[in-house]
Amino acid sequence: MFRYAFRGVCMTANELRRKYIEFFKGKGHAELRGAPLVPENDPTVLFTTAGMHPLVPYLLGEPHPLGKRLVDCQKCVRTGDIEEVGDAVHLTFFEMLGNWSLGDYFKREAIDFSFEFLTSGEWLGLDLERLAVSVFAGDDDAPFDEEAFEAWRSHGVPEERIARLGKRHNWWGPAGKTGPCGPDTEMFYWTGKGAAPKEFDPDNPLWVEIWNDVFMQYNKTDDGSFEPLKQRNVDTGMGLERVTAILQGKESCYDTELFQPIFAALDDVRGISASDGARTSEERVVADHLRASVFIMADGVVPGNVDQPYVLRRLLRHAMLKGRNLGVSGAFLVPIARSVVGAYSEAYPEMEAAADSIYEEIEREEAQFARTLEKGVKEFEKCVAAIPEHVRNKVISGRNAFKLFDTYGLPLELTVDLASEKGFSVDVEGFKKAYKKHQEKSREGAAGKFKGGLADDSEKTSALHTATHLLHEALRRVLGPHVAQKGSNITAERLRFDFSHPAKMTPEEIAQVEAMVNAEIAKDHAVVCEEMSKEEALASGAIGLFVDKYGGRVKVYSIGDFSKEICGGPHAERVGGLGRFKIKKEESVSRGVRRVKAVLE
Ligand code: ATP
Ligand code: MG
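Residues numbered from 1 in each chain as written. Chains lettered and ligands numbered in written order. Predicted model: local features only at pLDDT ≥ 70, side-chain atom pairs only at ≥ 80, totals over all residues. Heavy atoms only, no water.

Engineer: Tell me about the side chain of Arg 317, and please be specific about residues and values.
Structural biologist: With respect to the helices and strands, Arg 317 occurs in helix α9 (residues 307–325). Ignoring anything within four residues of it in the chain, the contact list for Arg 317 reads Glu 365, Gln 368, Phe 369 and Thr 372. (Helix = DSSP H or I, 4+ residues; strand = E, 2+ residues; numbered from the N terminus. Contact = heavy atoms within 4.5 Å.)

Right, dumping it as structure tokens:
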């Protein structure tokens, strides 16, 4: 394997994770445990996409129990990057190292920390000759980020290596909306073979982005103006896999020890001996998708037809199809999943505990998809048979190709393959049109789901958060204490709550739950928030998901003597004004998990 010249301190991903935390702890940061991959209460995304994501309430001004300087390693999934998976640096699942200042230090110190960690021989010792950065160029809304520019200059970064870029690259904030926002500065490393070009060119993919420091310093107001924020925050994110590869002098994230056991397992199921050349894009996709799937499943998701379960299903199925292309016959995903668990059990010990059920679900999904494919292929044969023998342009119509995809799960690439075996072609443009039409129809519901951003904390959302607590408790009282939250998603219009329960709720049970929630609303309890240790919270009988989230200190919201739940908020102050609670829908998400959608009228 080619190694390019580098001067960094060679280390494993586990070492890098530890070093990052240690460095920032040394600078007065408290260590947080990363949050789960499935966000608790954010309607805008299916998965945690960045380290800042679980910290949104604190970036908006709520005091954090652990203080103003925080550091962690956060598991992230970016479905928006799936198209790019296979290149050297984009993974579906990756780990983001991050440090935060909540109204404490700002730009200068943040850049000083980044620079020291990257270049000091005591830490990463990366070569300044291969480093470049970008800063916000300024526009009509906000000025050139001179402070960031000067900070980098003072550390000896030459002017040609400091790109001044516009909002599209160096600005963070909810697009088009009001709220906190600001410029950022990004750090890049030259991964080409020879010396780095004198001038930094952000469009050259050999300059790989490794770290991003965001400076929240403005508030975008209703009239579109940008006013200075009272609490200025720093939010940073560094890619663990990218930096590990660079420190090891590897060409891509896939060449690090994080992926080697996964490729070894793949070689094994293919019955080939280890190859030491670069892995093909197909091999990379299988490894990436299995890795992402295992992490998603370790956080409690099982394959299904909507939301996170659907993304998981697509990842597993895509991996299966790629496996087919690689010549694997029969089931092969479980041994690869085992290698993922093996590779990560040191950093994520909880993975072991979930391992057996993960393998079981993967096996089930694989068998089910094999059957689906079989049906899809039969359906394909029917489409072919329907085209008369004498037709000269033998084309599977876009509409049929889409139907095979949508109804029978037959991916376009497979339809194209099958068609060409028979001397047919597929109207790919027509397929795309049908697909687009379908997407437009479903876009409303899915708007923004894959994008990051600040959660909506309007009054309506707070009211629905509070109603969710009432619902959770009412479900436990009506259905039994086995009911546990599996997910929650709140918009300004409705709440959605997923919970464990083995059967469909009867109309009587639904009516009972509604009546119980409305009775508590009528009592107009105050909503009381207390901060306590995790142990105290558990001892007080509080329910709720992510008990470990704040590294020991938790917030417990009580609603009269009816509900007591660990949560990050925001909530209504009293329940009297919530309105009338109504369940609009009860459905299955996956085996053993039900979903309720409800509104306040
Ligand atoms: P890029 O432009 O390379 O896609 P980005 O601008 O999307 O990166 P950020 O959102 O700023 O990245 O995320 C912070 C850091 O997380 C990046 O500097 C990078 O090191 C890492 N990162 C982002 N996306 C991925 C990914 N898909 N796979 C691996 N690491 C990633
Ligand atoms: Mg990106």
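Engineer: Report on the sheet that holds strand β14 (residues 527–533), specifying residues and quantitative values.
Structural biologist: Spatial strand order, β14-β15-β16: three strands in an open sheet with antiparallel pairing. Because the sheet does not close on itself, it has two edges, and the strands there are β14 and β16 (563–566). Strand-to-strand, the axes of this sheet are offset by a mean angle of 25 degrees, without reference to chain direction. (Pairing = 2+ DSSP bridges. Axes fitted to C-alpha atoms, helices over the stretch in contact; angles between N-to-C directions.)

Engineer: Which residues make up the side chain of His 525, and what values go with them?
Structural biologist: Secondary-structure assignment places His 525 in the loop between α16 (507–522) and β14. With residues up to four places along the chain from it excluded, the contact list for His 525 reads Glu 520, Ile 559, Gly 560, Arg 574 and Val 575.

Engineer: Explain the pairing of strand β13 (residues 495–500) to me, and be specific about the residues and the numbers.
Structural biologist: The buried count for β13 comes to six of six residues, which makes it a mostly enclosed element. Pairing between strand β12 (residues 485–490) and β13: five bridges, direction antiparallel. By the bridge assignment, Gly 487 is partnered in β13 with Asp 498. With antiparallel pairing between neighbouring strands as the criterion, β12 and β13 make up a hairpin whose turn holds four residues. As judged from the six bridges shared by β13 and strand β18 (residues 593–600), these two strands associate in the antiparallel manner. The partner of Leu 495 across the bridge, within β18, is Ala 598. (Buried < 20%, exposed > 50% of the residue type's maximum accessible area, 1.4 Å probe, protein only.)

Engineer: Would you mind going over the pattern of salt bridges in detail, with residue names and values included?
Structural biologist: Opposite charge on two side chains permits pairing when their charged atoms draw close. Going through the model one piece at a time under the given rule, you end up with 38 salt bridges. Between Glu 601 and Arg 580 there is a salt bridge; the shortest N-O distance is 3.2 Å. Here Glu 601, found in the segment after β18, pairs with Arg 580, found in the loop between β16 and β17 (581–590); they are 21 residues apart in sequence, far enough to count as distant. The partly exposed category is assigned to Arg 580, whose relative accessible area is 45%. Taken together, the shared-partner salt bridges in this structure form one network comprising Asp 267, Arg 270, Arg 279 and Glu 283. (Salt bridge = Lys/Arg side-chain N within 4 Å of Asp/Glu carboxyl O.)

Engineer: Can you break down the packing of aromatic side chains residue by residue, with the values?
Structural biologist: Geometrically, a pair of aromatic rings is defined through the distance of the ring centres and the angle of the planes. Under the counting rule described, the total for this entry stands at 36 aromatic pairs. Between Phe 200 and Trp 207, the ring centres sit 5.2 Å apart and the planes meet at 80 degrees, which makes this aromatic pair edge-to-face. The same class applies to Phe 200 as to Trp 207, namely buried. Cluster of aromatic residues (ring-pair linked, three or more members): Tyr 20, Phe 23, Phe 24, Tyr 105, Phe 113, Phe 117, Trp 123 and Trp 211. The ring of Phe 149 carries Arg 164 above its face, with NZ or CZ at 4.7 Å from the centroid. The positively charged end of Lys 167 is found above the aromatic ring belonging to Trp 171, 4.9 Å away from the centroid. (Phe/Tyr/Trp six-rings, centres within 6.5 Å; stacked < 30°, edge-to-face > 60°. Lys NZ or Arg CZ within 6 Å of the ring centre and 35° of its normal.)

Engineer: Give me the sheet that holds β17: which residues, what numbers.
Structural biologist: Note: strands within a sheet are paired through backbone hydrogen bonds, in either parallel or antiparallel orientation. Spatial strand order, β12-β13-β18-β17: four strands in an open sheet with antiparallel pairing. Each having just a single partner strand, β12 and β17 make up the two edges of the open sheet. Along the sheet, successive strands turn relative to each other by an average axial angle of 20 degrees, direction set aside. Running over the sheet, helix α15 (residues 459–479) touches β12, β13, β17 and β18 and is turned about 30 degrees from β13. On the sheet, α16 packs against β17 and β18 and is oriented at approximately 135 degrees with respect to β17.

Engineer: How would you sum up the packing of helix α1 (residues 13–26) against helix α6 (residues 240–247)? Please name residues and give values.
Structural biologist: Put simply, α1 and α6 touch, their axes get as near as 9 Å, and they point 115 degrees apart. Classified by the angle between their axes, α1 and α6 sit roughly perpendicular to one another. The crossing of α1 and α6 is right-handed. The segment α1 lies against α6, with Ala 13, Leu 16 and Arg 17 engaging Leu 240, Val 243, Thr 244 and Leu 247. Split into classes, the residues belonging to the contact of α1 with α6 amount to five nonpolar, one polar and one charged. (Parallel < 35°, antiparallel > 145°, perpendicular 65-115°, else oblique. Left-handed = near helix turned anticlockwise from the far one by under 90°. Nonpolar A, V, L, I, M, F, W, Y, C, P; charged D, E, K, R; others polar.)

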